[in-house]
Amino acid sequence: MSLLPASLERLIVLLSRLPGIGERTATRLAFAALAEGDEYLGDLARSLDEATEKITYCKSCHMLAESELCRICSDPGRDSRVMCVVATIPDVLAFERSGAFRGRYHVTHGVLSPLKGVGPSELRLHNLRSRLTEQGVEEVILATPTGVEGEATALYLTRSLSDLGLRVTRIATGVPMGGELEYVDPTTLSRALEGRVNV
Amino acid sequence: MRIRSLEAESFRNLEPLRIEPHERFNIFEGLNGQGKTNLLEAIYLLGALRSFRESKVSSLVHHDHPSAVVRGEVELRGMRRRLAVELTGNARRAALDGNVVSRLGAYFGHLFVVVFAPDDLTLTKGSAGGRRRFVDRAIFNVHPTYLDETRDYLKALKHRNDLLRRPVVDPELLATFDETLIRHGSRILQRRMSFLDRFAPIFQEVFSEITGSDHLGEMRYQSSVMSGDGEISRDLDTLRDQFAERLASKSRAEQRRGYTIVGPHADDLLLELDGRAARGHASQGQHRAFALALKIAELRTIREATEIDPILLLDDVSSELDESRNHALMTHLDQAGGQVFVTTTDRRWIRVNGACRVYRVEEGQVSVSSG
Ligand SMILES: Nc1ncnc2c1ncn2[C@@H]1O[C@H](COP(=O)(O)OP(=O)(O)OP(=O)(O)O)[C@@H](O)[C@H]1O
Ligand SMILES: [Mg+2]
Ligand SMILES: [Zn+2]
């Protein structure tokens, strides 16, 4: 490492802080970026600057945004009677890709985890109640993840929103489409069975 | 169920291994410290993805090598499957028929192994934790999803304990984790009760076979979720109510102590000899009879529940049993059927009538010596 110029070393250290990127990958990325030449490096630097400057979180739903409100919150065509609570921004993107949801979101940025010191006040929940009442929401869909902490988060929300008189639902868990049952792992299959519905 | 072939590389002290075990008895004979238990451990790993000793995954890899691999071909109801486990540091990778499984949970259910080792002989004398582990492992053999369920329960428990240790806590948050504990804990209790409903009568029968009907050996599940002699409901909703009620009644004690005292983690399996607790009452030989009966009953229960003979790994127990207990064990093995792997320092202990193959184990080298 000490053979490298300090500026390059700093770049490598910063890159390796990203998830899934170790020091070796970070070094490869840094060299590849250098090899692309000055124009590319300039573009990369500018887009990082721009991201720092412009990207914030939506005041309402806590999704990424370039102004106070994100595109979804400022879109009048969205159905404001349903709101989907998710734990992360990639979850919003996943729902959007599916095209199946036309309501609005609320991103909590995490799940409850006492062991990690994450309680309700560490999640972005402070404006959830006011959003629900002010926007005339009729149904909240809880789409936090399926693990112990995700389920506990859904449970906490169910409990703490119960006085609002809304319909609170939880997304179903179960068997992937097009999959043969034989290859579905047994835990998923047994939860799917527990969550079976009348047809 | 039968292991047709077994291979291991860089596993503990074993030299590169490839054997085609006999369908009935496989006897591994060798002096102390040669690798006999290591071989059984490799088989266990292939089925359960962990050790049956209190060992970390990383300690299974040969000291001088970066990673270890165990492979086997298993035949079940005429179907052959190739299983493989690769260990690198503390990481495990498992493959079924050459395809790496993305979740370890999806791997289980193709190789059932039951192990009987000298440590098991103190089951009745030892801690409640050892008896809970015995029950949990037996259930896992029949229901692989139980592993995820116990892991989830322990997570819920740790979160709740963390809250109980705090001087002040948001009541809504604590209530959330009460309910989380109840949900996951009830599932564990339900599994344990339905296992024990089948297991207890079989155990009682085996115990009387072993002791020649002189004594009555019984078991009772003692749950922290019930007060006194209350009976745990077999219905999940009722069971949740029972759990919730008990948790509420103990909430002050729990807050004072700073940890959860109600739940399947605090339960015990009571073993009784002629109506009295075996723990402070049974003789040395009777303790061993209990251990032996628990293991044989476990095998029978699995067979009745799945119609499969699990693979039995017997680690050097004959030398620890007296003449008549050893005889009872051998008689059972001959009657039971199924594939058995036995280690011993002296093969004269292993007096089975069935066909067998004998291997010698010397400094990690395993070679056929007869059969
Ligand atoms: N990770 C490892 N790498 C290399 N050697 C190991 C490793 N783990 C254990 N061993 C060696 O394996 C040997 C013990 O093997 P094992 O426990 O199978 O003995 P055994 O034949 O069952 O003996 P006993 O009859 O005393 O029970 C010891 O010599 C030990 O040093
Ligand atoms: Mg040994
Ligand atoms: Zn928004």
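It should be emphasised that the depicted structure is a prediction, and the values quoted were computed from it without experimental measurement. (Residues numbered from 1 in each chain as written. Chains lettered and ligands numbered in written order. Predicted model: local features only at pLDDT ≥ 70, side-chain atom pairs only at ≥ 80, totals over all residues. Heavy atoms only, no water.)

**Details of the overall build of chain A**
Right, on to step 1. Secondary structure summary: chain A contains seven helices and six strands in total.
Right, on to step 2. Written out in order from the N terminus, the α and β elements of chain A read α-α-α-β-β-β-α-β-α-β-α-β-α.
Right, on to step 3. Compactness check: chain A gives a C-alpha radius of gyration of 21 Å against a globular reference of 16 Å for 199 residues, more than 25% above the reference.
Right, on to step 4. The dimensions of chain A, computed from C-alpha atoms along their principal axes, are 65 × 45 × 35 Å.
Right, on to step 5. By residue count, 34% of the 199 residues in chain A fall in the buried class.
Right, on to step 6. Once local pairs closer than 6 in sequence are excluded, the contacts in chain A between residues at least 24 apart make up 50%. (Helix = DSSP H or I, 4+ residues; strand = E, 2+ residues; numbered from the N terminus. Rg over C-alpha atoms; globule rule 2.2 N^0.38 Å. Buried < 20%, exposed > 50% of the residue type's maximum accessible area, 1.4 Å probe, protein only. Contact = heavy atoms within 4.5 Å.)

**Some remarks on the overall build of chain B**
Right, on to step 1. Assigned secondary structure in chain B consists of eight helices and 15 strands.
Right, on to step 2. Over its C-alpha atoms chain B spans a radius of gyration of 22 Å, differing by no more than 12% from the 21 Å that the globule rule assigns to 371 residues.
Right, on to step 3. C-alpha extents for chain B along the principal axes are approximately 65 × 50 × 35 Å.
Right, on to step 4. Burial statistics for chain B: of 371 residues in total, 55% are counted as buried.
Right, on to step 5. The contacts of chain B with a sequence gap of at least 6 include a subset with a gap of at least 24, amounting to 69%.
Right, on to step 6. Counting only carbon and sulfur atoms, one obtains 45% of the accessible surface of chain B, whose full area is about 16300 Å².
Right, on to step 7. The average position of the 53 basic charges and that of the 53 acidic charges among the side chains of chain B differ by 3 Å. (Areas by Shrake-Rupley, 256 points an atom, 1.4 Å probe, with all protein chains shown as cover. Lys, Arg positive; Asp, Glu negative; His and termini not counted. Charge placed at Lys NZ, Arg CZ, Asp CG, Glu CD.)

**Overview of the layout of surface pockets**
Sizing a probe to match a water molecule and rolling it over the atoms shows the empty space that remains.
Right, on to step 1. Here the largest pocket defines a volume of roughly 1100 Å³.
Right, on to step 2. Together, 37 residues line the largest pocket, and Arg 50, Leu 147, Thr 150, Arg 151 and Leu 154 of chain B are the ones closest to its centre.
Right, on to step 3. Counting residues per element, the lining of the largest pocket draws most heavily on helix α3 (residues 146–164) of chain B, which supplies nine residues.
Right, on to step 4. Broken down by class, the residue content of the lining of the largest pocket amounts to 14 nonpolar, eight polar and 15 charged.
Right, on to step 5. Lining the lining of the largest pocket are residues from two domains, each supplying at least three of them: domain 1 (1–112 + 308–370) and domain 2 (128–279) of chain B.
Right, on to step 6. Looking at the second largest pocket, its volume works out to about 860 Å³.
Right, on to step 7. Taken together, 30 residues line the second largest pocket, and the ones lying closest to its centre are Thr 146, Glu 151, Thr 173 and Arg 191 of chain A together with Arg 183 of chain B.
Right, on to step 8. Counting only elements with at least two residues in the lining of the second largest pocket, the list comes to α6 (148–161), β6 (167–170) and α7 (186–194) of chain A together with α3 and α4 (171–210) of chain B.
Right, on to step 9. Counted by class, the lining of the second largest pocket contains eight nonpolar, 11 polar and 11 charged residues. (1 Å grid on protein atoms, 1.4 Å probe; cavity = no way out; pocket = protein on both sides within 12 Å on 5 of 7 lines; lining within 4 Å. Points joined across faces, edges and corners; volume = space filled by probe spheres on them. Nonpolar A, V, L, I, M, F, W, Y, C, P; charged D, E, K, R; others polar. Domains from an automatic or database assignment.)

**Looking at the coordination of the zinc ion (ligand 3)**
Residue and element names in this part refer to chain A.
Right, on to step 1. Taken together, the protein ligands of the zinc ion (ligand 3) are Cys 58 (SG), Cys 61 (SG), Cys 70 (SG) and Cys 73 (SG), with distances of 2.2 to 2.4 Å.
Right, on to step 2. Taken together, the four donor atoms coordinating the zinc ion (ligand 3) and their angles of 103 to 115° define a geometry best described as tetrahedral.
Right, on to step 3. On the primary sequence, the residues serving as donors to the zinc ion (ligand 3) are separated as C-x2-C-x8-C-x2-C. Per residue, the accessibility class of Cys 70 equals that of Cys 73, and both read buried. (Donors = N, O, S within 2.8 Å, 3.2 Å for Na, K, Ca; no water. Tetrahedral: all angles 85-135°; square planar, octahedral: opposite > 155°, others 65-115°.)

**Observations concerning the pairing of strand β5 (residues 139–142) of chain A**
All names here are of chain A.
Right, on to step 1. Side-chain alternation along β5 places Glu 139 and Ile 141 on one buried face and Val 140 and Leu 142 on a second face that is also buried.
Right, on to step 2. With four bridges connecting them, strand β3 (residues 82–86) and β5 associate as parallel partners. Note that in β5 the partner of Met 83 across the bridge is Val 140.
Right, on to step 3. Pairing analysis gives four bridges linking β5 to β6, with the strands arranged parallel. (Pairing = 2+ DSSP bridges.)

**Details of the sheet that holds strand β9 (residues 217–222) of chain B**
Residue and element names in this part refer to chain B.
Right, on to step 1. The strand order across the open sheet built from three strands is β9-β10-β11, with neighbouring strands paired in antiparallel fashion. A strand with exactly one partner marks an edge of an open sheet, and here the two such strands are β9 and β11 (276–277).
Right, on to step 2. When β9 meets strand β10 (residues 268–273), the two strands line up antiparallel, connected through six bridges. The residue of β10 that forms the bridge with Tyr 221 is Leu 269.

**A closer look at the domain arrangement of chain B**
All names here are of chain B.
Right, on to step 1. Looking at chain B, the domain boundaries give domain 1 (1–112 + 308–370) and domain 2 (128–279).
Right, on to step 2. When each unit is reduced to the centre of its C-alpha atoms, the spacing between domain 1 and domain 2 is 31 Å.
Right, on to step 3. For the pair domain 1 and domain 2, the summed buried area comes to about 860 Å², and 53% of that belongs to carbon and sulfur atoms.
Right, on to step 4. At the boundary of domain 1 with domain 2, the tally comes to one salt bridge.
Right, on to step 5. Measuring nitrogen to oxygen at the nearest pair gives 3.1 Å for the salt bridge that ties Arg 103 to Asp 148.
Right, on to step 6. Viewed at the interface, domain 2 and domain 1 are joined by one residue pair in polar contact (both at pLDDT 80 or more).
Right, on to step 7. For the side of domain 1 that touches domain 2, the per-class residue count stands at six nonpolar, two polar and four charged. (Buried area = accessible area lost by both parts, 1.4 Å probe. Salt bridge = Lys/Arg side-chain N within 4 Å of Asp/Glu carboxyl O. Polar contact = N/O pair within 3.5 Å; in protein donor to acceptor, adjacent residues only side chain to side chain.)

**Details of the interface of chain A and chain B**
Right, on to step 1. Across the boundary between the two partners, chain A contributes 20 residues, which contact 26 residues of chain B.
Right, on to step 2. Where chain A abuts chain B, roughly 2200 Å² becomes buried across the two surfaces, and 58% of that area is made up of carbon and sulfur atoms.
Right, on to step 3. Residue Glu 172 of chain B is joined to Arg 159 of chain A by a salt bridge in which the shortest nitrogen-to-oxygen separation is 2.8 Å.
Right, on to step 4. In this assembly, chain A and chain B are joined by six residue pairs in polar contact (both at pLDDT 80 or more).
Right, on to step 5. At the level of elements, α6 and α7 of chain A are the ones that each hand at least two residues to the side of chain A that touches chain B.
Right, on to step 6. Its residues assigned to classes, the side of chain A that touches chain B comprises nine nonpolar, five polar and six charged.

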